[in-house]
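Spelled out, the chains give:
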Amino acid sequence: KQEVTQIPAALSVPEGENLVLNCSFTDSAIYNLQWFRQDPGKGLTSLLLIQSSQREQTSGRLNASLDKSSGRSTLYIAASQPGDSATYLCAVYGQNFVFGPGTRLSVLP
Amino acid sequence: GAGVSQSPSNKVTEKGKDVELRCDPISGHTALYWYRQSLGQGLEFLIYFQGNSAPDKSGLPSDRFSAERTGGSVSTLTIQRTQQEDSAVYLCASSTQSTANTEAFFGQGTRLTVV
């Protein structure tokens, strides 16, 4: 059974810092990995999708990497802003989407 | 439509009543998923529909929960004899089924409160 974990559970940083969120999964037989953002009381917004054959994807200040063999992905956020404050979730897709518990990020002005 | 649409956005119901939650997926998406998110918790998988295949119901927590998808499009999640522990945000997602490019798009969710 696929299990997904995320570290840290919560993170508070001052504005402008670069930061890394971590995602680990137990079964490397995945088709892709997706990073989402969730604002309080809202649904999930897709940020990046990395196919299993890819090593990384970039969108603006976000860069996500995937090491399928070791069961790890990282989300790098450059020059963080208060508007980045949200919960970040990773999900792996095999037969279904399995989600991690999320990292709650607070960027302080 | 342009995105996944869920209704109602909020629902307050009395314990013991039945409720129906609706999901309109993105047009052309063959896969549809229901998840539940309790306060401060992660996403709990409930059920998955793919085309005309039998749905994967392995995540439904009890026989009070059921879901159907009519015509391969709109889905309804029904909770019978609601309990207070059913209070949560119910999220629906849809996707294409192209394996490596399969990307989930979520609705805004239905916040269910059982009083």
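All figures in this text were calculated on a predicted structure; none of them were measured in a lab.

## Some thoughts on the layout of surface pockets
The space that makes up the largest pocket amounts to roughly 600 Å³. Forming the boundary of the largest pocket are 26 residues, of which Q38 of chain A together with Q37, L39, G40 and Q41 of chain B lie nearest the centre. Here the residues of the lining of the largest pocket are counted per class, giving ten nonpolar, twelve polar and four charged.

## Considerations on the pairing of strand 10 (residues 110-114) of chain B
All names here are of chain B. Residues T110, L112 and V114 of strand 10 are buried on one face, while the alternating residues R111 and T113, pointing to the opposite face, are not. In this sheet, strand 10 lies alongside strand 2 (residues 10-13) in parallel orientation, the contact comprising four bridges. By the bridge assignment, V12 is partnered in strand 10 with T113. Pairing of strand 8 (residues 88-95) with strand 10 involves three bridges; the strand directions are antiparallel. Looking at strand 10, one finds that Y90 is bridged to T110.

## Examining the pattern of salt bridges
All names here are of chain A. In the structure shown here, the tally under the stated rule is five salt bridges over all chains. Among the ionic pairs, R37 bridges to D39, the shortest N-O distance being 3.0 Å. Residue R37 is classed as buried on the basis of its relative accessible area, which comes to 16%.

## Here we look at unusual backbone geometry
The linkage connecting I7 of chain A with the following residue, P8 of chain A, adopts the cis geometry, with an omega of -5°. Checked against the element boundaries, P8 of chain A lands in the loop between strand 1 (4-7) and strand 2 (10-14). Even without a glycine there, the phi angle at A79 of chain A is positive, about 45°. When you line up the elements, A79 of chain A lands in the loop between strand 8 (72-77) and strand 9 (86-93). Residue R81 of chain B is not a glycine yet carries a positive backbone phi of 45°.

## Thoughts on the nonpolar core
By size, the foremost hydrophobic cluster in this structure holds 22 residues, and its most contacted members are F25, L33, W35, L75, I77, Y88 and L105 of chain A. Elements that contribute at least two residues to this core include exactly strand 3 (19-25), strand 4 (32-38), strand 5 (44-51), strand 7 (62-67), strand 8, strand 9 and strand 11 (103-108) of chain A. Setting aside residues up to four positions removed in sequence, L33 of chain A forms contacts with C23, F25, L48, L49, I50, L66, S73, C90, A91 and V92 of chain A. Counting 20 residues, the second largest nonpolar core, distinct from the first, contains L21, F49, F65 and A88 of chain B.

## Overview of the state of the cysteines
Residue and element names in this part refer to chain B. If you walk through the whole model with that rule in mind, you get two disulfides over all chains. Covalent S-S linkage joins C23 and C92, the inter-sulfur distance amounting to 1.9 Å. On the sign convention where negative is left-handed, the bridge of C23 and C92, at about -65° about the S-S bond, is left-handed. Of this pair, C23 sits in strand 3 (residues 19-24) while C92 is found in strand 8, placing the two residues 69 residues apart along the sequence.

## Section: the sheet that holds strand 1 (residues 5-7) of chain B
Residues and elements named next belong to chain B. Read from one edge of the open sheet, four strands run 1-3-7-6, paired in antiparallel fashion. If you trace the sheet from one side to the other, it starts and ends with strand 1 and strand 6 (65-69), each paired once. Between one strand axis and the next, the sheet turns through 15° on average, direction left out of account. Where strand 6 and strand 7 (residues 75-79) come together, five bridges link them in antiparallel fashion.

## Section: the interface of chain A and chain B
Where interface size is quoted, it is often the accessible area lost as the parts come together. The interface is formed by 18 residues belonging to chain A together with 20 residues belonging to chain B. Both sides of the chain A and chain B interface together cover about 1,600 Å² of buried area, and 52% of this is carbon and sulfur. At the surface where chain A touches chain B, the tally comes to zero salt bridges. Put simply, chain A and chain B have six residue pairs in polar contact (both at pLDDT 80 or more) between them.

## What to know about the environment of D24 of chain B
Residue and element names in this part refer to chain B. Positionally, D24 belongs in strand 3. Of the residues examined, D24 reaches a relative accessible area of 23% and is grouped as partly exposed. Residues D24 and S94, 70 residues apart in the sequence, show an inter-C-alpha distance of 8.9 Å. Those residues in contact with D24, other than ones at most four positions away along the chain, are G3, V4, S5 and V74. A polar contact is formed between the side chain of D24 and the side chain of R22, at a distance of 2.9 Å.

Criteria and thresholds
Residues numbered from 1 in each chain as written. Chains lettered and ligands numbered in written order. Predicted model: local features only at pLDDT ≥ 70, side-chain atom pairs only at ≥ 80, totals over all residues. Heavy atoms only, no water. 1 Å grid on protein atoms, 1.4 Å probe; cavity = no way out; pocket = protein on both sides within 12 Å on 5 of 7 lines; lining within 4 Å. Points joined across faces, edges and corners; volume = space filled by probe spheres on them. Nonpolar A, V, L, I, M, F, W, Y, C, P; charged D, E, K, R; others polar. Buried < 20%, exposed > 50% of the residue type's maximum accessible area, 1.4 Å probe, protein only. Helix = DSSP H or I, 4+ residues; strand = E, 2+ residues; numbered from the N terminus. Pairing = 2+ DSSP bridges. Salt bridge = Lys/Arg side-chain N within 4 Å of Asp/Glu carboxyl O. Core = buried A, V, L, I, M, F, W, Y, C linked by side-chain atoms within 4.5 Å. Contact = heavy atoms within 4.5 Å. Disulfide = S-S within 2.5 Å. Axes fitted to C-alpha atoms, helices over the stretch in contact; angles between N-to-C directions. Buried area = accessible area lost by both parts, 1.4 Å probe. Polar contact = N/O pair within 3.5 Å; in protein donor to acceptor, adjacent residues only side chain to side chain.

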